[in-house]
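For reference, the chains in residue letters:
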Amino acid sequence: FFSFFRSISRAEAMAAMHTPETLEAKECANCGATDGLGKCSRCHSAYFCSVKCQKAYWPFHKDICRRNDFADALEATEPKFARWMRKHGKQAVLRDDEVDRLERAGNATSGFSRQEVMESMYGRANPIPLQPSYTAEERLAVAHRDEDEAVNRRAVTDRERRWASVEIPPALGVSTTAYKWKQNQTFVEIYFQLPTNLPTRAVVVSIEPRRLHVSLDGADKLSGELLKEVDVDGSTWFVSDGLLHIHLLKRNRRGHYDDGCTNNDTFWTSVLYKAPANESLALPVGNTGYAIVPTEYFSSEYEFDGGPNAHAYKKRGKAIKAR
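Residues numbered from 1 in each chain as written. Predicted model: local features only at pLDDT ≥ 70, side-chain atom pairs only at ≥ 80, totals over all residues. Heavy atoms only, no water.

Once that is clear, we can look at the pairing of strand β11 (residues 230-240). As judged from the seven bridges shared by β11 and strand β12 (residues 243-250), these two strands associate in the antiparallel manner. Counted as the bridge partner of Ser-240 is Leu-243 from β12. Between the end of β11 and the start of β12, which pair antiparallel, lie two residues, with Asp-241 showing a positive phi angle near 55°. (Pairing = 2+ DSSP bridges. Helix = DSSP H or I, 4+ residues; strand = E, 2+ residues; numbered from the N terminus.)

Pairing in this open sheet of five strands is antiparallel, and the strands run β5-β6-β7-β12-β11 from one edge to the other. The strands lining the two open edges of the sheet, one partner per strand, are β5 (173-175) and β11. Within the sheet, the average angular offset between the axes of one strand and its neighbour, ignoring direction, is 15°. (Axes fitted to C-alpha atoms, helices over the stretch in contact; angles between N-to-C directions.)

Bringing the side chain of Ser-270 into the picture now. Note that Ser-270 resides in the loop between β12 and α8 (295-298). The residues contacting Ser-270, other than those within four sequence positions of it, are Trp-181, Leu-227, Ala-275, Glu-279 and Ser-280. (Contact = heavy atoms within 4.5 Å.)

Attention now goes to unusual backbone geometry. Of note in the backbone geometry, His-44 takes a positive phi value of approximately 60° without being a glycine. For His-44, the location among the structural elements is in the loop between β2 (38-39) and β3 (47-48). Residues other than glycine seldom take positive phi values, yet Lys-274 does so here, at roughly 60°. Mapping Lys-274 onto the fold places it in the loop between β12 and α8. Lys-274 sits in the exposed class, given a relative accessible area of 70%. (Buried < 20%, exposed > 50% of the residue type's maximum accessible area, 1.4 Å probe, protein only.)

Turning our attention to the environment of Glu-167. Its place among the elements puts Glu-167 in the loop between α7 (136-165) and β5. The class of Glu-167 is exposed, set by a relative accessible area of 61%.

Before going further, it helps to examine the pattern of salt bridges. The final tally for this structure, using the stated rule, is four salt bridges. The residue Glu-149 makes a salt bridge to Lys-52 at a minimum N-O spacing of 2.4 Å. With Glu-149 in helix α7 and Lys-52 in helix α2 (residues 51-61), the pair connects residues that are 97 residues apart, well separated along the chain. Here Arg-251 and Glu-229 are joined by a salt bridge, their closest N and O atoms 3.4 Å apart. Residue Arg-251 is found in the loop between β12 and α8, and its partner Glu-229 is found in the loop between β10 (219-225) and β11; the two are separated by 22 residues along the sequence. (Salt bridge = Lys/Arg side-chain N within 4 Å of Asp/Glu carboxyl O.)

Ranked by internal contacts, the top residues of the largest apolar core, which has 31 residues, are Ile-190, Leu-212 and Val-271. Those elements that provide at least two residues to this core are β7 (187-193), β8 (203-207), β9 (211-216) and β12. Those residues in contact with Leu-212, other than ones at most four positions away along the chain, are Ile-190, Val-205, Ser-206, Ile-207, Leu-222, Ser-223, Gly-224, Leu-226, Leu-248 and Val-271. Core analysis: the next-biggest nonpolar cluster, separate from the first, contains eight residues, Cys-40, Cys-43, Phe-48 and Cys-53 among them. (Core = buried A, V, L, I, M, F, W, Y, C linked by side-chain atoms within 4.5 Å.)

Strands sit in the order β8-β9-β10 across an open sheet of three strands; the sheet is antiparallel. The open sheet is flanked by β8 and β10, the only strands paired with a single partner. With strand direction ignored, the average angle separating the axes of adjacent strands in the sheet is 0°. In this sheet, β10 lies alongside β9 in antiparallel orientation, the contact comprising six bridges. Bridge pairing in β10 places His-213 opposite Ser-223.

The following block contains the structure:
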């Protein structure tokens, strides 16, 4: 009997009421959070920050969770004693004759059972923990929320993985907090990571020979005068796997040089004219006073034809001439 229904004498109760109390720090039993806590409505001893944490921790909490009607009844007038009873797992304060009555009922072969006698003496007191109860709507809502959170976690992980896979060669582009860009001898390629579930119609890209405008969901992300002119007909943009890809075809490019220009002049140090330093490439200056284009640029991929119908005159590594 005492393994299920632990009691104390009245002398012990009086001593407990006058014993100095050490209050323990309150934190969620599952995740350790300290804000927005609520007590377990059954045992009033454990704290949780949400229904989700309470549900997740139930397999570990159920063995010690006990309803304590005696402590509940004393909570308003003797909160300290009520906390002591819950902390020490005490369920009742019994007189000697009450203990004898329960023991006789437990040993009897007929008549009222010990459980029936206990309930007649103490009403709702029940040392056996009850399973947490949720309505069908609450269970469905929790299931939907868990599913949505799992989908969002997978989506965020996939998006971050795809964003990380966009590698920017240090000498040929820049990775900023807003966007990434890189170049070869034919194209300037720009990448934006799109917000989760952003519809394609909310992506606006306008490409002009010397201007570029990019907005996402009504917010400008990149807008202004381009560093150099581009071929609009050979430029394009598209959305794929949560990323916005913009490919700008350089008007002055390898195989299509402007008058008096060389391959050095096809190198871009930024996407926009007068771009901030964190969006630009800093080139060393040689003895002649001109910026030195990195050697990696001259071995980068290029397309001899250039536009959208470019054929296979391209090669990674050392560039080759079309025959």
